[in-house]
Amino acid sequence: MRPHTLDEYVGQKHLVGEGAILRKMIDAGRVSSFILWGPPGVGKTTLAQIIAHKLETPFYTLSAVTSGVKDVRDVIDRAKNNRFFSTASPILFIDEIHRFNKSQQDSLLGAVERGDVTLIGATTENPSFEVIRPLLSRCQLYVLKSLEKDDLLELLHRAIKEDVELKNRNIVLKETNAILRYSGGDARKLLNILELVVEAAGTDEVEITDDIVVARLQQSPLAYDKDGEMHYDIISAFIKSIRGSDPDAALYWMARMIEGGEDPKFIARRLVISAAEDIGLANPNALLLANAAFDAVNKLGWPEGRIPLAEAAVYLATSPKSNSAYLGIDAALSVVRQTGNLPVPLHLRNAPTELMKQLGYSDGYKYSHDFPGNFVVQQFMPDDLQNTRLWHAQHSPSEEKQYQWMLKCWGERYKD
């Protein structure tokens, strides 16, 4: 069922639809190195193969799970020897590139820089954390999205009509909610569930309903790949349990992820995000502890890494909650997008030269530490945004102290 052309490719219209950036490069026949970041089963490998076929260039593939530095260098040497001056660079596709260590990624730099190969990397993890900066700077980054309901339905109908085995059966899609929900935007998972349900029927007459799908998956809970534990649903339940101050549920969902073979760094990153987003100023130590747990996991690995992760999860779940900083920065971003590049008031500008001083730069600025309590009222916002409120305290015990200080400093401006 793997598509061979962009017209057959399902999803990712923002990248390969008509007029989209990646589609334009492919149609022009010149593709630079890039990394595809997205969840499993959304077409990263397929897209790389389609590009190689379209450009009629040699295609080499490596798995970061099984390949070492020597394998990388061998492939690069073969690619250089097979390249002709008039053709595009051979494509080197590296699946799960986030699993390459620093030395393995370093071995790619020269070939990518010289154009000996066009690197296409695929990863389910945030490249900012997992790909070294020099390599990331030499590649474009394209984000792939989970497949939408319409995409999954298109795949489902195509499989039933075109698959060499399935098209010989009389398959009736009576209900699709369950099969779409359990696939979680993952095409591979969708087709595996379809195969499981059809094979379990035992006849050529197959009716697919929500109840049948649920029953089959309960009988074979690991039938659809390593992430059959509904990866994204479980991490969502984990974070919501922390946000909802339920340490027991947080530990349960963490245990589900650990038993399912989840990457410990993925769990640790989610804890850091939760500490900043959900606990925030109500307990600033939460971010410090979550970050310390992330460092500890990197040093310890499994199985000991479960202990600092559990410590952080319980601490976050039992902490008071505030998302005032999260809401504040989103409000600030909204204002910036609406108002554009408002000028910095003259008294806040730096004045390193005599000309700038003559123009009034820094004139009238009051140095806070020269005043009682290290505070003096003055304007810090652009002229058009004077007295605009972006941060609103949520009055947890810790945050209340900060709010009272703001009231003392600014008076009416900070009265809710």
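Residues numbered from 1 in each chain as written. Predicted model: local features only at pLDDT ≥ 70, side-chain atom pairs only at ≥ 80, totals over all residues. Heavy atoms only, no water.

## What to know about the overall build of the protein
Item 1. Regarding its fold elements, the protein presents 19 helices and seven strands.
Item 2. As presented, the protein carries roughly 22600 Å² of accessible surface, and 52% of it is formed by carbon and sulfur atoms.
Item 3. For the protein, the centre of its 47 positive side-chain charges and the centre of its 55 negative side-chain charges are spaced 5 Å apart. (Helix = DSSP H or I, 4+ residues; strand = E, 2+ residues; numbered from the N terminus. Areas by Shrake-Rupley, 256 points an atom, 1.4 Å probe, with all protein chains shown as cover. Lys, Arg positive; Asp, Glu negative; His and termini not counted. Charge placed at Lys NZ, Arg CZ, Asp CG, Glu CD.)

## So, the pattern of salt bridges
Item 1. Tallied over the entire structure, the rule returns eleven salt bridges.
Item 2. Residue K70 pairs with D74 through a salt bridge whose shortest N-O separation is 3.0 Å. A residue pair is termed a helical-turn pair when its members lie 3 or 4 positions apart in one helix, as K70 and D74 do in helix α4 (residues 69-81) at four residues.
Item 3. Judged by its relative accessible area of 61%, K70 falls in the exposed class.
Item 4. A relative accessible area of 31% places D74 in the partly exposed class.
Item 5. Between D278 and R243 there is a salt bridge, with its nearest N and O atoms 2.8 Å apart. Taken together, the residues span a long stretch of sequence, with D278 in helix α14 (residues 264-279) and R243 in helix α12 (residues 231-243) at a distance of 35 residues.
Item 6. Taking the relative accessible area as the measure of exposure, D278 reaches 6% and is therefore buried.
Item 7. Classification of R243 by relative accessible area gives partly exposed; the value is 37%.
Item 8. A single salt-bridge network, built from bridges that share partners, covers E18, R23 and D27. (Salt bridge = Lys/Arg side-chain N within 4 Å of Asp/Glu carboxyl O. Buried < 20%, exposed > 50% of the residue type's maximum accessible area, 1.4 Å probe, protein only.)

## Thoughts on the side chain of S33
Item 1. With respect to the helices and strands, the residue S33 is situated in the loop between α2 (21-28) and β1 (34-37).
Item 2. Engagement of the side chain of S33 in a polar contact is seen with the backbone nitrogen of L119, the distance being 2.9 Å. (Polar contact = N/O pair within 3.5 Å; in protein donor to acceptor, adjacent residues only side chain to side chain.)

## Comments concerning the environment of Y315
Item 1. Within the secondary structure, Y315 sits in helix α16 (residues 306-317).
Item 2. Judged by relative accessible area, which is 30%, Y315 ranks as partly exposed.
Item 3. On a C-alpha basis, the gap between Y315 and I242 in space is 9.1 Å, while along the polypeptide they are 73 residues apart.
Item 4. Among all residues touching Y315, those that are not within four sequence positions of it are N283, N285, A286 and L289.
Item 5. A distance of 3.0 Å separates a polar atom in the side chain of Y315 from a polar atom in the side chain of N283. (Contact = heavy atoms within 4.5 Å.)

## Looking at unusual backbone geometry
Item 1. With a phi close to 55°, Q12 is a non-glycine residue in the positive phi region.
Item 2. As for its placement among the helices and strands, Q12 is situated in the segment before α1 (13-16).
Item 3. Unusually for a residue other than glycine, E96 sits at a positive phi of about 55°.
Item 4. Take E96: it is sitting in the loop between β3 (91-95) and α5 (102-114).

## Some details on the sheet that holds strand β4 (residues 118-123)
Item 1. A sheet is described by the order of its strands in space; here five strands give the open sequence β2-β3-β4-β1-β5, paired in parallel fashion. Only two strands of the sheet have a single partner each, and these edge strands are β2 (59-63) and β5 (140-143). Taking the axes of each pair of neighbouring strands and ignoring which way they run, one obtains an average angle of 20° across the sheet.
Item 2. As defined by bridge partners, β3 adjoins β4 across five bridges and the pair is classed as parallel. (Pairing = 2+ DSSP bridges. Axes fitted to C-alpha atoms, helices over the stretch in contact; angles between N-to-C directions.)

## Quick notes on the packing of aromatic side chains
The geometry of an aromatic ring pair is captured by two quantities: the separation of the ring centres and the angle between the planes.
Item 1. Tallied over the full model, the rule gives three aromatic pairs.
Item 2. Here the aromatic rings of F34 and Y142 are separated by 5.3 Å at their centres, their planes lie at 65°, and the arrangement is edge-to-face. Remark: Y142 occurs in strand β5 and F34 occurs in strand β1; sequence separation between them is 108 residues.
Item 3. Exposure remark for Y142: the relative accessible area of 6% places this residue in the buried category.
Item 4. Consider the rings of Y252 and W253, whose centres lie 4.8 Å apart with planes at 70°: the pair is edge-to-face.
Item 5. Take Y252: its relative accessible area is 43%, and that puts it in the partly exposed class. (Phe/Tyr/Trp six-rings, centres within 6.5 Å; stacked < 30°, edge-to-face > 60°.)

## Observations regarding the confidence of the model for the protein
Item 1. Overall, the predicted model of the protein reaches an average pLDDT of 80, with 92% of residues at or above 70.
Item 2. In this model, residues 220-229 is a region of pLDDT below 50 whose contacts with residues beyond four sequence positions or in other chains number 17 contacts. (pLDDT = per-residue confidence, 0-100.)

## Overview of α2
Item 1. Within the sequence span of α2, burial applies to L22, R23, M25 and I26. Each buried residue of α2 sits inside an arc of 165° when the element is viewed along its axis, so together they form one side. Exposed and facing more than 90 degrees away from the buried side of α2 are K24 and A28.
Item 2. On the buried face of α2, the contacting elements are α1, β1, α3 (44-55) and β5. (Arc of directions from axis to C-beta.)

## Points about the packing of α2 against α3
Item 1. Two elements in contact, α2 and α3, have axes separated by 9 Å at closest approach and are oriented at 30°. Looking at the two axes, α2 sits roughly parallel to α3. Contacts between α2 and α3 involve L22, I26 and D27 from the former and L47, I51, K54 and L55 from the latter.
Item 2. Of the residues contributing to the contact of α2 with α3, the split by class is five nonpolar, no polar and two charged. (Parallel < 35°, antiparallel > 145°, perpendicular 65-115°, else oblique. Nonpolar A, V, L, I, M, F, W, Y, C, P; charged D, E, K, R; others polar.)

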